[in-house]
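Here are the chains, one letter per residue:
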Amino acid sequence: MTNKMKDDYSNQIKQYQPKPNYIWNCTKAFVVGGTICTIGQVINNMYIYVFHFSEENAGNPTVATLILISALLTGFGIYDRLGQFAGAGSAVPVTGFANSMTSAALEHKSEGFVLGVATNMFKLAGSVIVFGVVAAYLVGIIRYIVSVSLS
Amino acid sequence: MEYVIAFIAGGCICIIGQLLLDIFKLTPAHVMSSFVVIGAILDGFGIYDRFIEFAGAGATVPITSFGHSLLHGAMKGADEHGFIGIGMGVFELTSAGISSAIVFAFLVAVFFRPKG
Amino acid sequence: MGLMGGTWTFENRIYVNSSGTAVGPKEAEGPLGQTFDISHEDLHCGEDNWELAERRLMEQAIDQCLTKSNLQTDQVDFFIAGDLLNQNVTSNYVARHLQIPTICMFGACSTSMETVAIGSQLVDSGFANKIVAATSSHNATAERQFRYPTEYGGQKPDTATATVTGAGAVLISQEYSDIVITSATIGKVVDYGLKDPFDMGSAMAPAAADTIQRHLQDLNRTTNDYDMFITGDLSGIGSPILKDLLKEEGIDIDEKHFDCGLMIYRPDQNVFAGGSGCACSAVVTFSHIFNMLRSKEVDRVFVVATGALLSPTMIQQKESIPTIAHGVVFERAERGVHH
């Protein structure tokens, strides 16, 4: 009995699916991600030396500024093209988080501000916040118990 | 020099993210959620603070630092208020980030239209 | 009324009297841009939101179709339509303006041929004189329902396809015209266990293979009896798979296979593996393919529209993607007796 494609379809079709160009994708992600972080460093230094924030506190307006830039780029329809080019390079920095919230909010404008914009804003970003807080709680509780039992 | 280190460190974290997307075929949501959890765990071992000292924005800009800030705030709250402090402090350091994301996303939705 | 397996052979002569197509900017810039009746420069098509834009396209396609035949809506017996959106809102909300008895159907991207097949059957069996079959899709409405918000920066793989923004409508009756519909094969739902919503071409190829194979078997024909085998949106990934699946069954369509998703866009238009969506097969068939029949470039073609019957919830529940393919045979009317 000859083995036909359909007998093992999901494996047989792998040869038809183009493999992503791993090296090129990683290079693009590296360059774009690195650039965004460097811009973050520039903004951070600007807040420290020009606006006299302390080193500890400068992170807050830096993150807010990056988020503002990302939201604007999303609104102008530029961030999605950057995202297709850079992949993780634009998704992993906090700008990707802002883009996921802004794009969802913007997309659902047609359903009104309460049920559309506000309700859907966390559609894509919700998982990040949920898992971040749950992880922080678990690790925090473990650390607390460890430090209490050691003292 | 700090700019070069920030560039390389941030870029490396993004490479790890790209490999998760390409090789393991995870969705961006899965990758970001994993990174946040990893950031919290690394801060649990005290590693992420040293990474921030070394790489500056290369460590604070990626979403991993969000997990670090959540845990850091929780620990600060625990130091001040005991066990309940974990819940009281968790959003303290990330407040600027989350609130600005909400406000700016809302404002952009008010003034812009999706372009497709 | 001839029935063999799932294939209908129409006893009477069923004609395509006219067709109408309306498309968005990307399609207008593509290689077939000049063949469409109406094209828009902006994805919003002059409307306030994406869903209204899609309805506009369907209304324009139907309007063009009826105008070319000099008909009013009250002279049409049935309106048979479908689209990609939940509850088929495009079709139903357009139907409320038309005030024609409406049969709404969902076949995902196979809807174009599904509606034509059912419509032809109604006309052949004498239960309708004139029917309008229509379908539509829009890149933004499909993206926001099935995948991500349109401004989201997520990276799509090379196996993904781009949903065509457009609508196509045809008027079918027994009144003589230059294109005749001779038979149709209704698809079976086929699922070979693939789960990736960003590679639908691979998932749909088996459905197309099944329909083509059954069709040739039911009618006792070979590939020599056709000039073209046209699939809806198997794209660059699914097309070679289809040809190899059929070769294993002894059917060779290498020279005669064309895919609407590969015809509607140029490779440099950033469309990954090609076009997809209900409108893909509709606008290409109702304009370009019909033109080829009229200009005698081809005599008989088998158009197989392929659909992926998934939903985002099913994908999140780790279900695989069931697919279906419906096929319709279009011939040049002056060709003579059809067998």
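Remember, it's a predicted structure, so these values are computed and weren't measured experimentally.

Caption draft 1: Broad picture of the environment of M1(B). The residue M1(B) is located in the segment before α1 (2-22) in this model. Put simply, M1(B) and L93(B) are 92 residues apart on the chain and 27 Å apart in space, counted from C-alpha to C-alpha.

Caption draft 2: Expanded view of the pattern of salt bridges. Counted under the stated rule, the structure contains 17 salt bridges over all chains. When the shortest N-O distance is used, the salt bridge between E249(C) and K4(A) registers 3.3 Å. Of the two residues, E249(C) is situated in the loop between α7 (235-248) and β11 (257-259) and K4(A) in the segment before α1 (9-12); the pairing between them involves two chains. Exposure remark for K4(A): the relative accessible area of 25% places this residue in the partly exposed category. Measuring nitrogen to oxygen at the nearest pair gives 3.1 Å for the salt bridge that ties R294(C) to D178(C). Of this pair, R294(C) sits in helix α9 (residues 278-294) while D178(C) is found in the loop between β8 (166-173) and β9 (179-185), placing the two residues 116 residues apart along the sequence.

Caption draft 3: Structural view of unusual backbone geometry. Phi at H52(A) takes a positive value of approximately 60 degrees, unusual for a residue other than glycine. Mapped onto the secondary structure, H52(A) falls in the loop between α2 (22-49) and α3 (59-75). The exposed category is assigned to H52(A), whose relative accessible area is 67%. We note that K296(C) has phi near 65 degrees; this positive angle belongs to a residue other than glycine. Inspection of the secondary structure puts K296(C) in the loop between α9 and β13 (300-308). Accessibility expressed as a relative area gives 52% for K296(C), which makes it exposed.

Caption draft 4: Spatial organisation of the pairing of β9(C). Residue and element names in this part refer to chain C. In terms of burial, β9 is largely enclosed, as seven of its seven residues are buried. Note that strand β2 (residues 7-23) and β9 share six bridges and pair antiparallel. The residue of β9 that forms the bridge with W8 is A184. With six bridges connecting them, β9 and strand β14 (residues 323-332) associate as antiparallel partners. Residue pairing for β14: I181 is matched across the bridge by F330.

Caption draft 5: Summary view of α3(A). Here α3(A) spans 24 Å end to end across 17 residues, near enough to the 24 Å set by a 1.5 Å rise per residue. Check the buried side of α3(A) and you find it contacts α2, α4 (79-86) and α6 (94-107) of chain A together with α7 (95-111) of chain B. Following α3(A) by one or two positions, G77(A) adopts a phi angle in the positive range, close to 80 degrees.

Caption draft 6: Expanded view of the pairing of β2(C). All names here are of chain C. Burial of β2 is extensive: 13 of the 17 residues sit out of reach of the surface. Where β2 and β8 come together, eight bridges link them in antiparallel fashion. Bridged to V23 within β8 is G166. Of the pairings in the sheet, the one linking β2 to strand β3 (residues 38-39) comprises two bridges and is parallel in character. Within β3, the residue paired with A22 across the bridge is I38.

Caption draft 7: Layout of the interface of chain A and chain B. The interface of chain A with chain B comprises 63 residues on the first partner and 65 residues on the second. Around 5,400 Å² of area is buried between chain A and chain B when both sides are counted, 78% of it from carbon and sulfur atoms. Taken as a group, F30(A), V92(A) and Y144(A) account for 12% of the area that chain A buries against chain B, more than any other trio of residues on that side. Our count for the chain A to chain B interface comes out at zero salt bridges. Listed by contribution, the elements that provide at least two residues to the side of chain A that touches chain B are α2, α3, α4, α5 (88-91), α6, α7 (113-120) and α8 (126-150) of chain A. The leading source of residues in the side of chain A that touches chain B is α2(A), at 16 residues. Each residue belonging to the side of chain A that touches chain B can be placed in one class, and the counts come to 41 nonpolar, 18 polar and four charged.

Caption draft 8: Focus on the interface of chain C and chain A. Contact residues are listed per partner, giving 29 residues for chain C and 32 residues for chain A. Across the chain C to chain A interface the summed buried area is about 2,500 Å²; carbon plus sulfur atoms make up 56%. For chain C, the biggest contributors to the area lost against chain A are R144(C), E151(C) and Q155(C); these three give 26% of the whole. On the surface where chain C and chain A come into contact, there are three salt bridges. A salt bridge links E107(A) to R144(C), with the shortest nitrogen-to-oxygen separation between them at 3.6 Å.

Caption draft 9: Inspection of the packing of aromatic side chains at higher detail. One pass over the full model with this rule turns up 16 aromatic pairs over all chains. Look at F97(A) and F66(B): their rings are 5.6 Å apart centre to centre, the planes differ by 35 degrees, and that puts the pair in the tilted class. In this pair, F97(A) sits in helix α6 while F66(B) sits in helix α5 (residues 64-81), so the two residues belong to two different chains. Relative accessible area serves as the criterion here: at 9%, F66(B) is assigned to the buried category. Centre to centre, the rings of Y48(B) and F51(B) are 5.5 Å apart; their planes meet at 85 degrees, and the pair counts as edge-to-face. Of this pair, Y48(B) and F51(B) both sit in helix α3 (residues 47-55), three residues apart, roughly one helical turn. According to the relative accessible area criterion, Y48(B) is buried, its value standing at 1%. The exposure class of F51(B) is partly exposed, given its relative accessible area of 24%. Taken together, the ring pairs in this structure connect Y47(A), F51(A) and F53(A) into an aromatic cluster. The ring of F85(A) carries the charged tip of K28(A) above its face, separated from the ring centre by 5.0 Å. Sitting over the ring of Y226(C), R300(C) keeps its end group 5.6 Å from the ring centre.

Reading the values: the criteria
Here, residues in each chain are numbered from 1, in the same order as that chain's written sequence. Note on labels: chains are lettered from A, ligands numbered from 1, in written order. The model is predicted, so local features are restricted to residues of pLDDT at least 70 and side-chain atom pairs to those at 80 or more, both for listing and for counting; the totals for chains, interfaces and linings are taken over all residues. With hydrogens and water stripped out, all remaining heavy atoms of the structure feed into the side-chain values. The helix count covers DSSP runs of H or I at least four residues long, the strand count covers runs of E at least two residues long, and both are numbered beginning at the N terminus. Here, a salt bridge means any Lys or Arg side-chain nitrogen found within 4 Å of an Asp or Glu carboxyl oxygen. Summary of the burial criterion: residues with accessible area below 20% of their type's maximum are buried, those above 50% are exposed, and those between are partly exposed, where the area comes from a 1.4 Å probe applied to protein chains only. Whether two strands pair comes down to DSSP finding at least two bridges between them. How far a helix is expected to stretch is found by multiplying one less than its residue total by 1.5 Å. Whether two residues are in contact is decided by their heavy atoms, any of which lying within 4.5 Å being enough. The term buried area means the drop in 1.4 Å probe accessible area that two parts suffer when joined, counted for both and summed. Residues are grouped as follows: Ala, Val, Leu, Ile, Met, Phe, Trp, Tyr, Cys and Pro are nonpolar; Asp, Glu, Lys and Arg are charged; all remaining types, including Gly, are polar. Between the rings of Phe, Tyr and Trp (Trp by its six-membered ring), a pair exists once the centres lie within 6.5 Å; its type follows the angle of the planes, with under 30 degrees stacked, over 60 edge-to-face, and the other angles tilted. To sit over a ring, a charge needs its Lys NZ or Arg CZ within 6 Å of the ring centre and within 35 degrees of the ring normal.

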